[in-house]
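Here is what each chain is made of, one letter per residue.
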There are 2 protein chains.
Amino acid sequence: MKNLPNHSKCSQCVMAQFCLPLGLSPKEIIEIDQLVSEKIQLNKGDAIYRQGDHSESIFSIRHGSFKTEISLPDGRGQILGFHLPGEFLGLDGVGSKQYQTQAVALEASEVCVMKFSQFEKYALDIPSLQIHLYQILNHEITNDQKHLLTLGSLSAEEKMACFFVNLSERRALRGLNSTEFDLSMGREEIGSFLGIQIETVSRVLSKLSEAGLIQIKQKHLKLIDLDELHKIAG
Amino acid sequence: MKNLPNHSKCSQCVMAQFCLPLGLSPKEIIEIDQLVSEKIQLNKGDAIYRQGDHSESIFSIRHGSFKTEISLPDGRGQILGFHLPGEFLGLDGVGSKQYQTQAVALEASEVCVMKFSQFEKYALDIPSLQIHLYQILNHEITNDQKHLLTLGSLSAEEKMACFFVNLSERRALRGLNSTEFDLSMGREEIGSFLGIQIETVSRVLSKLSEAGLIQIKQKHLKLIDLDELHKIAG
DNA sequence: CGAGCGTTTGAAATCGGTCAACAGCAGTGG
DNA sequence: CCACTGCTGTTGACCGATTTCAAACGCTCG
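Since this is a predicted model, take the numbers as computed values, not measurements.

### Some points on the overall build of chain A
The number of helices and strands found in chain A is seven helices and twelve strands. Relative to the globule expectation of 17 Å for 234 residues, the C-alpha radius of gyration of chain A, 18 Å, shows essentially globular dimensions. Dimensions of chain A, computed from the C-alpha atoms along their principal axes, are close to 55 × 40 × 30 Å. Within the span of chain A, comprising 234 residues, buried residues form 54% of the whole. Of the charged side chains in chain A, 24 are positive and 29 negative; the average position of the first set lies 3 Å away from that of the second.

The following block contains the structure:
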């Protein structure tokens, strides 16, 4: 994990249209140019923060991807989400002393670090920044709630379709190819996210593949029939 | 559903020590005496808000209990949580235009209504109120995340033990009897909350009962061996 | 007391889990 | 360049927890 010097101006960032500045005026964006205190580079497997770490920052993903997970003392764990560039991490630390989860890079990645204290400071002058934070937190809550519906009420096949549709939509939002791309997580991680076993993941993938809804070779995925996947996802 | 006139001063509320005023100074509590714009009485089955309703308030429970749930177009639904006096409802509306869930009374209940706009206004003068809202939102997030772990990684028996332990702890926090009480939800609702079928709920209850860990007759529950339930819950 | 609902219990079916073998690819080192 | 090794993913067979289907039980309330 490598800390870079502070030359991370949102106003000059290529990710600006998909990240925090979204919705701020050009003038306001320049005002928050000092908000990002540092950028951090991570290798695959590196954690930005771990369960129990003291929390004082949130993070936005510049490039790469992450998983967030929560663990039981006995070693079992649940992956809570996969996260793409422009999305935020560390939200479960806002308003509490410690992170309750951990965030781990799925590939070489880079994140921007924003201290809560800085955030509060800027929010006093820029009301829309405050509103923005509420929207980000809201997004986290509604996301988790939809995930609860998925884990609690859907079959393995429906869960998998949900996963693909959700990933596809989020990639589309960020201008990434939404029908053909490489998965940055393994089968085991998909299984943990969906509350099913790795073998079931594999079987459902084969089934969807045979049905002509997807093509998958190793980590390379092509979504052939998104409409039908949507129907299955419910 | 009946709206009461505005005579709902937090400074004089018996629930104050378990609700929003928690952590505020006496002076600050008097300052927020106008924050609750109204109180609403609900009968069993009444919804405070429904999925898709325009959101402009959060609610605190004065007495009674609620379930929050999210529904699929096809009728299937997932209960996200059960809520006790002093807890907050409508948090998935903070920072968004609409509620994504609905909140339904499980018995005759009463809630205090706080408009976001009012909240923002008071927060400008009372920084700890702002912090409080972050804490409340954080609580919602970490709760949902623990629920995800429960739904995704635990067996039916473990889920049920989790449910009891969680309920017991939350009641204890509020000075309610934490080992013997009446459940305000039916078996079907417990099943939806835990992602299992009603018959499985019934069978697990019988099993825990035979094992001497609980006693349950209809809705009346007595937790005999909380230690063991804790162990099962993981 | 009887209707109706919610709950319990039993038996059968099923989905997904577990166990086990194998295939595929990546990296290592001779 | 090609074994060798190890990891990840796939597939099959079997098993078991949970669901589904069905029936009976027992509250509650008019």
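### Side note on the packing of aromatic side chains
Two aromatic rings are characterised by how far apart their centres lie and by the angle between their planes. Taken as a whole, this structure holds 13 aromatic pairs over all chains when the rule is applied. Seen from their ring centres, Phe82 of chain A and Phe163 of chain A are 6.0 Å apart, and the 65° between their planes marks the pair as edge-to-face. Taken as a pair, Phe82 of chain A in strand E6 (residues 77-83) and Phe163 of chain A in helix H4 (residues 156-173) lie far apart in primary sequence, 81 residues in all. This pair shows no difference in class: Phe82 of chain A is buried, exactly as Phe163 of chain A is. Measuring from ring centre to ring centre gives 4.0 Å for Tyr49 of chain B and Tyr99 of chain B, while their planes differ by 25°; the resulting arrangement is stacked. Within this pair, whereas Tyr49 of chain B is found in strand E3 (residues 47-49), its partner Tyr99 of chain B is found in the loop between strand E7 (88-89) and strand E8 (102-105), the two being separated by 50 residues in sequence. Judged by relative accessible area, Tyr99 of chain B falls into the buried class, the value being 3%. An aromatic cluster is present here, built from Phe82, Phe163, Phe164 and Phe193 of chain A joined pairwise through their rings. Its end group placed over the ring of Tyr122 of chain A, Lys121 of chain A keeps NZ or CZ at 5.5 Å from the ring centre.

### Some words on helix H5 (residues 187-194) of chain A
All names here are of chain A. When we look at burial in H5, the residues that qualify are Glu189, Ile190, Gly191, Phe193 and Leu194. Turning to H5, the residues buried within the fold contact strand E5 (66-71), E6, helix H3 (127-153), H4 and helix H6 (198-210). Positive phi appears at Gly195, one or two residues downstream of H5, with a value of about 70°.

### Things to note about the domain arrangement of chain A
All names here are of chain A. The assigned domain composition of chain A is domain 1 (2-147) and domain 2 (154-233). Using only C-alpha atoms to locate each centre, domain 1 and domain 2 end up separated by 25 Å. The interface is formed by 17 residues belonging to domain 1 together with 13 residues belonging to domain 2. Contact between domain 1 and domain 2 buries roughly 1,300 Å² in total, counting both sides, with carbon and sulfur atoms accounting for 55%. Contact with domain 2 buries surface across domain 1, with Phe18, Phe82 and Leu84 losing the most and accounting together for 44% of the total. Of the charged contacts, one joins Glu189 and Lys67 as a salt bridge, the two residues approaching to 2.8 Å between their closest N and O atoms. In this assembly, domain 1 and domain 2 are joined by nine residue pairs in polar contact (both at pLDDT 80 or more).

### With respect to the sheet that holds strand E11 (residues 214-217) of chain B
Residues and elements named next belong to chain B. Sheet architecture is open: three strands sit in the order E10-E12-E11, paired in antiparallel fashion. The open sheet is flanked by strand E10 (180-182) and E11, the only strands paired with a single partner. Shown here is a sheet whose adjacent strand axes are inclined to one another by a mean of 15°, direction ignored. Here E11 runs beside strand E12 (residues 220-223); their pairing, made up of four bridges, is antiparallel. Residue pairing across strands places Ile216 opposite Leu221, the latter belonging to E12.

### Side note on the packing of helix H5 (residues 187-194) of chain B against helix H6 (residues 198-210) of chain B
Residues and elements named next belong to chain B. Following both chains from N to C, one finds H5 and H6 inclined at 100°, their axes separated by 8 Å at the closest point. As far as their axial angle goes, H6 and H5 are roughly perpendicular. Side by side, H5 and H6 meet where Arg187, Glu188, Ile190 and Gly191 of the first sit next to Ile198, Val201 and Leu205 of the second. When its residues are assigned to classes, the contact of H5 with H6 shows four nonpolar, one polar and two charged.

### Points about the protein's contact with DNA strand D
Lining the immediate environment of DNA strand D, one finds 15 residues, of which Ser202 and Ser206 of chain A together with Ala156, Thr200 and Arg203 of chain B sit closest. Of what DNA strand D places within 4 Å of the protein, 64% of the atoms are sugar or phosphate. The separation between a phosphate oxygen of DNA strand D and a polar side-chain atom of Arg187 of chain A is 2.9 Å. Contact distances for DNA strand D include 2.5 Å between a phosphate oxygen and a side-chain N or O atom of Ser206 of chain A. Sorting the residues of the surface near DNA strand D by element identifies H6 of chain A together with H6 of chain B as the ones contributing at least two each. Looking at the surface near DNA strand D, the element that brings in the most residues is H6 of chain A, giving four residues. When the residues that make up the surface near DNA strand D are grouped by side-chain class, the tally is two nonpolar, seven polar and six charged.

### Overview of the interface of chain B and chain A
Residue-level contacts link 36 residues of chain B with 36 residues of chain A. Here chain B and chain A share an interface that buries about 3,400 Å² over both sides, 64% of which is from carbon and sulfur atoms. By the criterion of area lost to chain A, the three top residues of chain B are Tyr134, Gln145 and Leu148 of chain B, representing 21% of everything that side buries. Connecting chain B to chain A are two salt bridges. With its nearest N and O atoms 2.9 Å apart, the salt bridge here joins Glu158 of chain A to Arg76 of chain B. Taken together, chain B and chain A are joined by 18 residue pairs in polar contact (both at pLDDT 80 or more). Those elements giving two or more residues to the side of chain B that touches chain A turn out to be strand E6 (77-83) and helix H3 (127-153) of chain B. Top element by residues in the side of chain B that touches chain A is H3 of chain B. It accounts for 18 residues. Grouping the amino acids of the side of chain B that touches chain A by side-chain chemistry returns 13 nonpolar, 16 polar and seven charged.

### Some thoughts on the protein's contact with DNA strand C
The environment of DNA strand C is formed by 14 residues, the closest being Ala156, Thr200 and Arg203 of chain A together with Ser202 and Ser206 of chain B. Looking at DNA strand C alone, sugar and phosphate atoms form 64% of those within 4 Å of the protein. Between a phosphate oxygen of DNA strand C and a side-chain N or O atom of Ser202 of chain B, the distance comes to 2.8 Å. Residue Ser206 of chain B places a side-chain N or O atom 2.5 Å away from a phosphate oxygen belonging to DNA strand C.

What counts and how
Residues numbered from 1 in each chain as written. Chains lettered and ligands numbered in written order. Predicted model: local features only at pLDDT ≥ 70, side-chain atom pairs only at ≥ 80, totals over all residues. Heavy atoms only, no water. Helix = DSSP H or I, 4+ residues; strand = E, 2+ residues; numbered from the N terminus. Rg over C-alpha atoms; globule rule 2.2 N^0.38 Å. Buried < 20%, exposed > 50% of the residue type's maximum accessible area, 1.4 Å probe, protein only. Lys, Arg positive; Asp, Glu negative; His and termini not counted. Charge placed at Lys NZ, Arg CZ, Asp CG, Glu CD. Phe/Tyr/Trp six-rings, centres within 6.5 Å; stacked < 30°, edge-to-face > 60°. Lys NZ or Arg CZ within 6 Å of the ring centre and 35° of its normal. Contact = heavy atoms within 4.5 Å. Domains from an automatic or database assignment. Buried area = accessible area lost by both parts, 1.4 Å probe. Salt bridge = Lys/Arg side-chain N within 4 Å of Asp/Glu carboxyl O. Polar contact = N/O pair within 3.5 Å; in protein donor to acceptor, adjacent residues only side chain to side chain. Pairing = 2+ DSSP bridges. Axes fitted to C-alpha atoms, helices over the stretch in contact; angles between N-to-C directions. Parallel < 35°, antiparallel > 145°, perpendicular 65-115°, else oblique. Nonpolar A, V, L, I, M, F, W, Y, C, P; charged D, E, K, R; others polar. Near = heavy atom within 4 Å.

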